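Spelled out from the first residue to the last, the chains are:
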Amino acid sequence: MKDSKKNSDRLIWLNGKLVPVNEAKIGILSPTSQFGANVFEGIRCYWNEKERQLYAFRLDDHYLRLVRSMRLFGLKNPYSMEELKEYLKETVRMNHYKEDIAVRQTVFVDGMGSWFSTEPLGMFIAPIGKARKKVPLSAGERVCISSWERISERDLSPRVKVGANYINSRAAYLEAVNKGFDAALFLNRMGYVAEGTGSCFFMIKGNEVITPSLTDSILESITRDTVIQIAKDELKLKVTERHIDRSELFMCDEAFFCGSAVEISPISAIEGFNVGEGKPGKYTIEIHKKYIEIVAGDNIKYSNWIEPVYDCGV
Ligand SMILES: Cc1ncc(COP(=O)(O)O)c(C=O)c1O
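Remember, predicted model here, so these are calculated numbers, not experimental data.

## Regarding the overall build of the protein chain
Secondary structure summary: the protein chain contains 7 helices and 16 strands in total. Computed over its C-alpha atoms, the radius of gyration of the protein chain comes to 20 Å, within 12% of the 20 Å expected for a compact globule of 314 residues. Its C-alpha atoms give the protein chain principal-axis dimensions of roughly 50 × 50 × 35 Å. Here the protein chain holds 314 residues, and the buried ones make up 52% of them. Here the analysis covers contacts within the protein chain between residues at least 6 apart in sequence; of these, 71% occur between residues at least 24 apart. As displayed, the protein chain offers around 14800 Å² of accessible surface, 53% of which is attributable to carbon and sulfur atoms. Each charge class in the protein chain was averaged separately, 43 positive and 42 negative side chains, and the resulting centres sit 2 Å apart.

Below, the structure is given as structure tokens:
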């Protein structure tokens, strides 16, 4: 797909400097380039037209996870929470975004070392326009169960956001597309449902919302936590975190993926079995509606989750 003018014009924060995207370069011999030696976050900011403000969603939680990812990956974190936040806000402000965006914030191993190198470290912050899904949700995705297993604690930790983990996601996604599906769902080493290739999984049976536990080989997802709170506190539904058997997938009433990038993404069929009536279910639609209200700063109860990017309305 051709880059829009705006995307090719944008500024990227790279090691303390804002540079045009085409000039933001990383060495070809760096461990990040050769071996995927990096950790990252995918952060969303939502435009509130009424307030003329852009709100960043759950920044503290994203940076807490980034710092944990660095720790597990053997990197010494040189940044304070305030610096991580301020650099993101500065980057977005200097790009004058007044629309929904997604921001990639990546800490990488630079220099010319090897796969085991832990320094020197670099960081880039790359925002890009990304519109929210429309309310109410319409079509869902046709999903297959991947023949690839989700990475487990015995090889790579799925809990953290390490670039190289996505090679596992890549294999599953390409397989799904080759087979004519829209998306893939991973099982874990024990054969229980894990997560999507870039998202967590929920299913609904009656009035119960069920999602795999954090020990089922999944990322410690911020959207998953948000959905759990919406389902419990807003929709007053029972929420259960437990193992999910493969066969339960063919008997649930509703199912969806969730994540910062995909937001709430309904599933219409799994392995050819319709989920419910094969269209987004009523609770999925309600959860998505609440989610968008919260991330866009339209629900005061959750104002501790959002942070303005601009000093005042613009
Ligand atoms: C593998 C995987 N699982 C789950 C998620 C959802 O995580 P979050 O809600 O923190 O974006 C993502 C997206 O980043 C992901 O890549």
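## Brief notes about the pattern of salt bridges
Tallied over the entire structure, the rule returns 28 salt bridges. With its nearest N and O atoms 2.8 Å apart, the salt bridge here joins arginine 58 to aspartate 225. Residue arginine 58 is located in the loop between β4 (53-57) and α3 (59-72), and its partner aspartate 225 is located in helix α6 (residues 222-234); the two are separated by 167 residues in the primary sequence. When its relative accessible area of 8% is taken as the criterion, arginine 58 is described as buried. For the salt bridge of lysine 85 with glutamate 307, the shortest nitrogen-to-oxygen distance reads 2.8 Å. In this pair, lysine 85 is assigned in helix α4 (residues 81-94) and glutamate 307 in strand β16 (residues 306-308), connecting sequence segments 222 residues apart. Each member of the pair, lysine 85 as well as glutamate 307, is classed as buried.

## Notes on the layout of surface pockets
The computed volume of the largest pocket comes to approximately 840 Å³. In terms of lining, the largest pocket is formed by 44 residues, of which the most central are Arg104, Lys161, Gly198, Ala261 and Val262. Domain assignment of the residues forming the lining of the largest pocket places at least three in each of domain 1 (5-129) and domain 2 (141-295). As a volume, the second largest pocket reaches approximately 220 Å³. What lines the second largest pocket is simply Arg58, Asp61, Leu64, Arg65, Arg68, Leu214, Glu220, Ser221, Ile222, Arg224 and Asp225. Only α3 and α6 provide two or more residues apiece to the lining of the second largest pocket. At 4 residues, α3 tops the list of elements feeding residues into the lining of the second largest pocket. The residue makeup of the lining of the second largest pocket, split by class, is 3 nonpolar, 1 polar and 7 charged.

## A word on the site of the ligand
Around the ligand, a shell composed of 16 residues is seen, among which Lys161, Tyr166, Glu195, Thr223 and Ser260 lie nearest. Between the ligand and serine 221, the relevant distance is 2.7 Å, taken from an oxygen atom to a side-chain nitrogen or oxygen of the residue. Contact between the ligand and threonine 223: an oxygen atom at 2.5 Å from a side-chain N or O atom of the residue. Here the ligand, which alone exposes 380 Å², has 96% of that area covered by the protein. Mapping the ligand onto the cavity grids shows that it belongs to the largest pocket. Taken together, the elements giving at least two residues each to the shell around the ligand come down to α6 and β13 (254-259).

## What about the pairing of strand β9 (residues 193-196)?
On a regular strand, one side chain projects to one face of the sheet and the next to the other, so that they alternate. Strand direction decides the pairing type here: strand β8 (residues 183-187) and β9, joined by 2 bridges, are antiparallel. Its bridge partner lying in β9, leucine 187 is registered against valine 193.

## As for the domain arrangement of the protein chain
Domain boundaries in the protein chain define domain 1 (5-129) and domain 2 (141-295). On a C-alpha basis, the centroid separation for the pair domain 1 and domain 2 is 26 Å. With 19 residues of domain 1 at the contact, the number on the domain 2 side is 20 residues. Surface buried jointly by domain 1 and domain 2 totals about 1600 Å² across both partners, of which 60% is contributed by carbon and sulfur atoms. Linking domain 1 with domain 2 are 3 salt bridges. With a closest N to O distance of 3.9 Å, arginine 68 and glutamate 220 form a salt bridge.

How each quantity is defined
Residues numbered from 1 in each chain as written. Predicted model: local features only at pLDDT ≥ 70, side-chain atom pairs only at ≥ 80, totals over all residues. Heavy atoms only, no water. Helix = DSSP H or I, 4+ residues; strand = E, 2+ residues; numbered from the N terminus. Rg over C-alpha atoms; globule rule 2.2 N^0.38 Å. Buried < 20%, exposed > 50% of the residue type's maximum accessible area, 1.4 Å probe, protein only. Contact = heavy atoms within 4.5 Å. Areas by Shrake-Rupley, 256 points an atom, 1.4 Å probe, with all protein chains shown as cover. Lys, Arg positive; Asp, Glu negative; His and termini not counted. Charge placed at Lys NZ, Arg CZ, Asp CG, Glu CD. Salt bridge = Lys/Arg side-chain N within 4 Å of Asp/Glu carboxyl O. 1 Å grid on protein atoms, 1.4 Å probe; cavity = no way out; pocket = protein on both sides within 12 Å on 5 of 7 lines; lining within 4 Å. Points joined across faces, edges and corners; volume = space filled by probe spheres on them. Domains from an automatic or database assignment. Nonpolar A, V, L, I, M, F, W, Y, C, P; charged D, E, K, R; others polar. Near = heavy atom within 4 Å. Polar contact = N/O pair within 3.5 Å; in protein donor to acceptor, adjacent residues only side chain to side chain. Sits in = over half its atoms within 2 Å of the grid points. Pairing = 2+ DSSP bridges. Buried area = accessible area lost by both parts, 1.4 Å probe.

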